[in-house]
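Read off the chains here:
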Amino acid sequence: MKIIRPYRFRTWLILLLFATSLFTFLVVGSVILLVKIPQISNAHQASITKAVSEISDRVETVLNFLEADLDLVGHALSHLPHDEIQHAISHPSKGRFDAFYLVHKNGELAAAYIRDESETRWHELAGLDLSQNMLFQEASLSNDAVWSDRYLSVVSGHVTEAVAMRISDNGDVIIGELSIRNQINLDHSFASSQSISFSVLDSNGEIIADSDPESLKQTFLPQVSALIQNDHQRSIVRHVTINDIEYDIASKFSNILGWHFTARISTGRHNPEISSLIEIVIACFGGSLIIGLIMVPFWARAMVSPLNGIVEHASRTARGVTLPPRKKGAVLEFNRLLADLDRLATAVRIRQQELGRLNDGLEMRVRERTAELEHINSELSSTVQALNLTQDELVQSEKMAALGRLVAGIAHELNTPLGNGRMAVSTLSDQNAEFTRLLEQGLRKSDLNDYLAQVQNLTTMIERNIMRAGDLVSSFKQVAVDRTSSHRRKFSIAEVIDEIILTLTPSLKNRPIRIQKHVDADITLDSFPGEFGQIITNLVDNALIHAFDADTPGTVSIHASPAPDRDDAILLEIRDDGRGMEQDVLDHIFDPFFTTRMGTGGTGLGLSITANAVSSLLGGTICASSTPGQGTCFRVICPLVAPAHANKA
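This is a predicted model, so every value here is computed, not measured.

A. Structural context of the overall build of the protein chain. Helices and strands together make up the secondary structure of the protein chain, namely 14 helices and 18 strands. A total of 649 residues make up the protein chain; the buried ones form 38% of that total. Put simply, of all contacts in the protein chain between residues at least 6 apart along the chain, 63% involve residues at least 24 apart. Split by element, the accessible area of the protein chain, about 37,800 Å² in all, is 57% carbon and sulfur.

B. The nonpolar core, seen in detail. Within the largest apolar cluster, 55 residues are counted, with the highest numbers of intra-cluster contacts made by Leu-63, Tyr-101, Trp-147, Ile-174, Ile-175, Ile-180 and Trp-259. If you tally residues by element for this core, the top one is helix H1 (residues 9-78), at 10 residues. Within the second largest apolar cluster, 43 residues are counted, among which are Ile-523, Ala-543, Phe-634 and Cys-638.

C. The arrangement of the environment of Ser-78 in detail. Tracing the sequence through the fold places Ser-78 in helix H1. For the pair Ser-78 and Ser-168, spaced 90 residues apart in the sequence, the C-alpha separation amounts to 6.6 Å.

D. Local environment of the sheet that holds strand S10 (residues 245-253). With antiparallel pairing, 5 strands are arranged side by side in an open sheet as S8-S7-S11-S10-S9. Single-partner strands in this sheet number two, and they are strand S8 (207-210) and strand S9 (238-242). Ignoring which end each strand starts from, the neighbouring axes of this sheet average 30° apart.

E. Inspection of the state of the cysteines at higher detail. Here the structure, examined in full by the defined rule, presents 0 disulfides. Free cysteine: Cys-623, not disulfide-bonded; nearest cysteine sulfur from Cys-633 at 7.8 Å. Judged by relative accessible area, which is 41%, Cys-623 ranks as partly exposed.

F. Inspection of helix H14 (residues 606-617) at higher detail. Over its 12 residues, H14 extends 16 Å from the first C-alpha to the last, a length consistent with the 16 Å expected when each residue adds 1.5 Å. Within the span of H14, buried status applies to Leu-607, Ser-608, Ile-609, Thr-610, Ala-611, Ala-613, Val-614 and Leu-617.

G. Examining the sheet that holds strand S13 (residues 513-519) more closely. The strand order S13-S15-S16-S18-S17 describes an open sheet built from 5 strands, whose pairing is mixed. Of all the strands in the sheet, just S13 and strand S17 (621-627) have a single pairing partner and so form its edges. Put simply, the sheet's adjacent strands are angled 10° from each other on average, direction ignored. Sheet topology places strand S16 (residues 569-576) next to strand S18 (residues 631-639); 8 bridges connect them, and they run antiparallel.

H. Main features of the side chain of His-104. Relative to the helices and strands, His-104 resides in the loop between strand S1 (99-103) and strand S2 (109-114). Look at His-104 and you get buried, because its relative accessible area is 19%. There is a polar contact of 3.3 Å between the side chain of His-104 and the side chain of Asp-172. Residue contacts for His-104: discarding those within four places in its chain leaves His-82, Ala-110, Phe-136, Gly-171 and Asp-172.

I. Layout of the pattern of salt bridges. As enumerated under the stated definition, the model contains 8 salt bridges in all. Salt-bridge contacts for Glu-573 lead to Arg-575; the nearest nitrogen and oxygen are separated by 2.3 Å. Since its relative accessible area comes to 8%, Glu-573 is described here as buried. Its relative accessible area of 35% is what places Arg-575 among the partly exposed residues. Taking the shortest distance from any N to any O, the salt bridge between Arg-635 and Glu-573 comes out at 3.2 Å. Separated by 62 residues along the polypeptide, Arg-635 in strand S18 and Glu-573 in strand S16 bring together distant segments of the chain.

J. Region of the structure containing the pairing of S16. The element S16 is extensively covered by neighbouring structure, given that 7 of its 8 residues are classed as buried. For strand S15 (residues 554-562) and S16, the ladder comprises 7 bridges, and the chain directions are antiparallel. Along S16, the bridge assignment pairs Ser-561 with Leu-571. Hairpin connection from S15 to S16: 6 residues lie between these consecutive antiparallel strands, with Asp-565 at a positive phi of about 65°.

K. Representation of unusual backbone geometry within the structure. Positioned with a positive phi, Asp-565 is a non-glycine residue whose angle comes to about 65°. Among the structural elements, Asp-565 can be located in the loop between S15 and S16.

L. Region of interest: the packing of aromatic side chains. Within the structure shown, the criterion is met by 5 aromatic pairs. With 6.4 Å between their ring centres and 75° between their planes, Phe-97 and Phe-100 make a pair best called edge-to-face. A centroid spacing of 5.9 Å and a plane angle of 65° characterise the contact between Trp-147 and Trp-259, whose relative ring orientation is edge-to-face. On the criterion of sequence distance, the pair formed by Trp-147 in strand S3 (residues 146-147) and Trp-259 in the loop between S10 and strand S11 (260-266) is long-range, its members being 112 residues apart. Overall, Trp-147 belongs to the buried group, its relative accessible area being 6%.

The rules behind the values
Residues numbered from 1 in each chain as written. Predicted model: local features only at pLDDT ≥ 70, side-chain atom pairs only at ≥ 80, totals over all residues. Heavy atoms only, no water. Helix = DSSP H or I, 4+ residues; strand = E, 2+ residues; numbered from the N terminus. Buried < 20%, exposed > 50% of the residue type's maximum accessible area, 1.4 Å probe, protein only. Contact = heavy atoms within 4.5 Å. Areas by Shrake-Rupley, 256 points an atom, 1.4 Å probe, with all protein chains shown as cover. Core = buried A, V, L, I, M, F, W, Y, C linked by side-chain atoms within 4.5 Å. Pairing = 2+ DSSP bridges. Axes fitted to C-alpha atoms, helices over the stretch in contact; angles between N-to-C directions. Disulfide = S-S within 2.5 Å. Expected span 1.5 Å × (residues − 1). Polar contact = N/O pair within 3.5 Å; in protein donor to acceptor, adjacent residues only side chain to side chain. Salt bridge = Lys/Arg side-chain N within 4 Å of Asp/Glu carboxyl O. Phe/Tyr/Trp six-rings, centres within 6.5 Å; stacked < 30°, edge-to-face > 60°.

So, in structure tokens, the structure goes:
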């Protein structure tokens, strides 16, 4: 049994209050996080979806202005003579483009302007063949402005973005290069959350512009590009990991520019709002922990103080001290407990007085009952001794009765061979007298032959009946000796069982019962043959008495073989196919004086004697199994060599 270590009530109450407060806040904090974090995530997803639409609209608006500027420049140049174009393009009125140049329909560069480059460099570029330039080819075939991806310009020598448009019917194209990063400001002024980052990616996934300074140092975000490369549909929020940070990202594709606009926001503990919420919950949990450590002892003391007074009052009352009633406190249950304790103390005092009076009378009654019990115990001892003697006498009587039945059966069985022998002797005497008479009158050969044949037949009959009587007497003598004295000797099981069956023959002569024997002939025991034979006789008699009615045919089988799983013992089974037993009868068949034939000749000692002989003298075990209507089987396991016992005379 597990012993629980006891604690003071105050300590237990402190732990209980403290654990309750911590558990309560832990549950509340967990619920807050479980509810708020999904709400924050949903709000952020809605924010980035809205923000990506706003940034795409804003950038497209800014770039529309750039297209308009380039269109004005292109139309102005288209009305100038060819030799004045380079002079006009060398002094742009606005400086929003880093470079722009005019390309004829055949792809020949007509004039160019490159910021921070000399005019000599501009003139050197004249006549450059740009017919294979993808931007030039697309602009030549389109009536609208065409924007390029991020690329390395062969004109300016810089990595840049460009816009191109056809400015005249003759197919001339003007191309303007500019840094989109310098033209658009991807700040957080129009976003609902300052944690949102924006980026613009070309059709190849290269970064054109980004609001994050760290991302500006990169030209490619493979995680983002893999998500949006083939996504030209409406904005869908996706999840991506960049530099070990989880992001929710929304994208929008611009059909006008061919670029992707993205808005992303960190999720989980990297999100400032979620991180702040977690920090607030942890701070509140720590604050409640500190407040609990400070306040709980005071609460426990306030709750335990009146209880300690009640405990002290009860303790003194239990020691027999008479105390005046305590004043009532503020707790109703404690007041009821005090009142009950006072009533209990009064009742205890009254009971003590009554017990004192009863104790005096009880001592007298105890002395009287003790004397009576001693007298009864003496009588019981005498009765037990008498019962033991009676039981021994009954056992001996049962044995002698069995031997008497055996003697009566043998005597009856001897009657037949002895009567037959006497009749044969008498007949032989008559034949001798007749032979003498014939001899005096004159003997014929036929008379002599008849006489000799009759003498031979009568002699054979006399010999057979005398041998039968001798076998019966021999078997009876051996069985009687074994039954009346428990001498130990080596004997063959088959021989003992044959002798037992022979002695049982008179009991079976007038009944349709067959005894079958299945015995290994080579089994020899060093044991007590008398007790062994008595066991077999009792079990067979029990079957004859209880298993079958007087005129009911049946079979009793005796089996003897080596015990299974044992090399030093035999298994003896006595089976019948009679009426069987119920379980409540089977449970008590080896109990002394238990019988189902009380008043009709049953003593209830046969199976008790059998079980005692098996266990005490032969050193074996006995058990029985039975099914109503299907017979009974007794199983006896006894060792080949019986335990050492003193021979009983």
